[in-house]
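So you can see what is in the structure, the chains are spelled out below.
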Amino acid sequence: MQQHAPRPSGPTGDGDNIIETRGLTKEFLGFVAVRDVNLKVKRHTIHALIGPNGAGKTTVFNLLTKFLRPTSGSIHFNGVDVTRTAPADMAGQGMVRSFQISSVFSHLTVLENVRVALQRPLGISFHFWKPRRTLHPLHERADELIEWVGLTPYRDVNAGELSYGRKRALEFATTLALEPEMLLLDEPMAGLGHEDIHRISSLIKRVAANRTVLMVEHNLSVVADLSDTITVLTRGSVLAEGDYAAVSTNPSVREAYIGGVHA
Ligand SMILES: Nc1ncnc2c1ncn2[C@@H]1O[C@H](COP(=O)(O)OP(=O)(O)OP(=O)(O)O)[C@@H](O)[C@H]1O
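Right, let's walk through the structure included here. (Residues numbered from 1 in each chain as written. Predicted model: local features only at pLDDT ≥ 70, side-chain atom pairs only at ≥ 80, totals over all residues. Heavy atoms only, no water.)

Next up on the list: the pairing of strand β4 (residues 46–50). With 5 of its 5 residues buried, β4 lies for the most part within the structure. Side chains I46, A48 and I50 of β4 all project onto a buried face; the interleaved residues H47 and L49 project onto the opposite face, where all are buried too. With 4 bridges connecting them, β4 and strand β9 (residues 212–216) associate as parallel partners. Bridged to A48 within β9 is M215. (Buried < 20%, exposed > 50% of the residue type's maximum accessible area, 1.4 Å probe, protein only. Helix = DSSP H or I, 4+ residues; strand = E, 2+ residues; numbered from the N terminus. Pairing = 2+ DSSP bridges.)

Here is the structure:
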C-alpha cells in the first residue's frame, strides 16, 4: 500500500473518484466482451484490472482510453461525461495512455524524444531549428524528466539503442511531459526482466504519489506490490474488487484462476 500525498478534491466535487463508468458494455457482432461494468477509480491511487485471458481487460482499457466506443453505458472523468470525447482530446483533459502505443522515436536521442513530448502540449512541434536559447526552458524541464526516470547517463543516446527497460523509462518521461492527472498503463511489465520490473515498479510508485494510475497487468506479484485496489474481471463482468488481501482470498477469484488460465 502506498503513502500518498494529500489529494485535492475533483473539480465537480463528486467524491474522490477520478474516473467512473456506468453500465459500460461492449459488444462485438453480438458477442458481449464487456457487460455492465461499473468501475470507480479513486483519485491518487493505483488501480489494477486483472482477470483470466479473454476476461475483457483490454476491451475495458480501450473503452476508457476511447479507442473503442461503448455499445452502451457511459464514462465520466472528473465528473464530466467523456463517453463521446475523441481519444486525442483525452490528454488535454488530463488522461494519458502509455505503453501499448509507443511514444518513443528510435532515431531521436533520449533528450530529443522528451523535448518533442514537451512541445506537444504547447501546440508547437519540431522546433529543433530554433536558436538554442529559445528552447532553454524546455531543455531544463527535459533534463529534469530525464533525471527523474534515471536516464541522465543516456541523455544523448538514440532511443533505439536503449535496453527494453530503459525504453520504458523513456516512455514514462515522454508521458509525464504531458502533465497527466491520470495514467493508463497497458501491461507495463510486459517483456521486462526481473531488474527492469523492479525499476519500473518504483517509477510507477513515484508517479502515483500525486497522480492516479490504472493498469492492466498480468504479473500478480507486481499487482500485489503496487495496487491499492484491484478489479477482477471474468467473462466481461466484474467478479470481485478490493485490495490484494481481499481479492486473493476470494473463493470465486481463486476458482476463476484455476484450470490453466493465468492472470
Ligand atoms: N475486436 C474484437 N472483435 C471480436 N471479439 C473481440 C474483439 N476484441 C476482443 N474480443 C473478444 O472479447 C473478449 C475479451 O477480450 P479482451 O482482449 O478484452 O480480453 P483480455 O482480458 O484483455 O484478455 P488477454 O488477457 O488475453 O489479453 C475475448 O473473448 C475476445 O476474443
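All right, on to helix α1 (residues 57–64) then. Burial runs high along α1: 7 of the 8 residues are buried. What α1 keeps buried is the set K57, T59, V60, F61, N62, L63 and L64. At the exit of α1 stands K66, carrying a positive phi of roughly 75°.

Time to look at the pattern of salt bridges. Scanning the entire structure with this criterion turns up 9 salt bridges. Where R22 meets E20, a salt bridge forms, and the shortest distance between an N and an O atom there is 3.6 Å. A salt bridge links R141 to E179; its shortest N-O distance comes to 3.5 Å. Linking R141 in helix α4 (residues 136–148) with E179 in the loop between α5 (164–176) and β8 (182–186), this pair joins segments that are 38 residues apart in sequence. (Salt bridge = Lys/Arg side-chain N within 4 Å of Asp/Glu carboxyl O.)

A separate point is the sheet that holds strand β11 (residues 237–242). What links the strands of a sheet is backbone hydrogen bonding, and the strands pair in either a parallel or an antiparallel sense. Strands sit in the order β7-β8-β9-β4-β10-β11 across an open sheet of 6 strands; the sheet is mixed. Of all the strands in the sheet, just β7 (95–98) and β11 have a single pairing partner and so form its edges. Across the sheet, the mean angle separating the axes of adjacent strands is 20° when strand polarity is ignored. One ladder, built from 4 bridges, connects β4 with strand β10 (residues 229–234); its direction is parallel. Looking across to β10, one finds that L49 is bridged to T231. Most of the contacts of α5 go to β8, to which it runs at about 150°, and overall it touches β7 and β8. (Axes fitted to C-alpha atoms, helices over the stretch in contact; angles between N-to-C directions. Contact = heavy atoms within 4.5 Å.)

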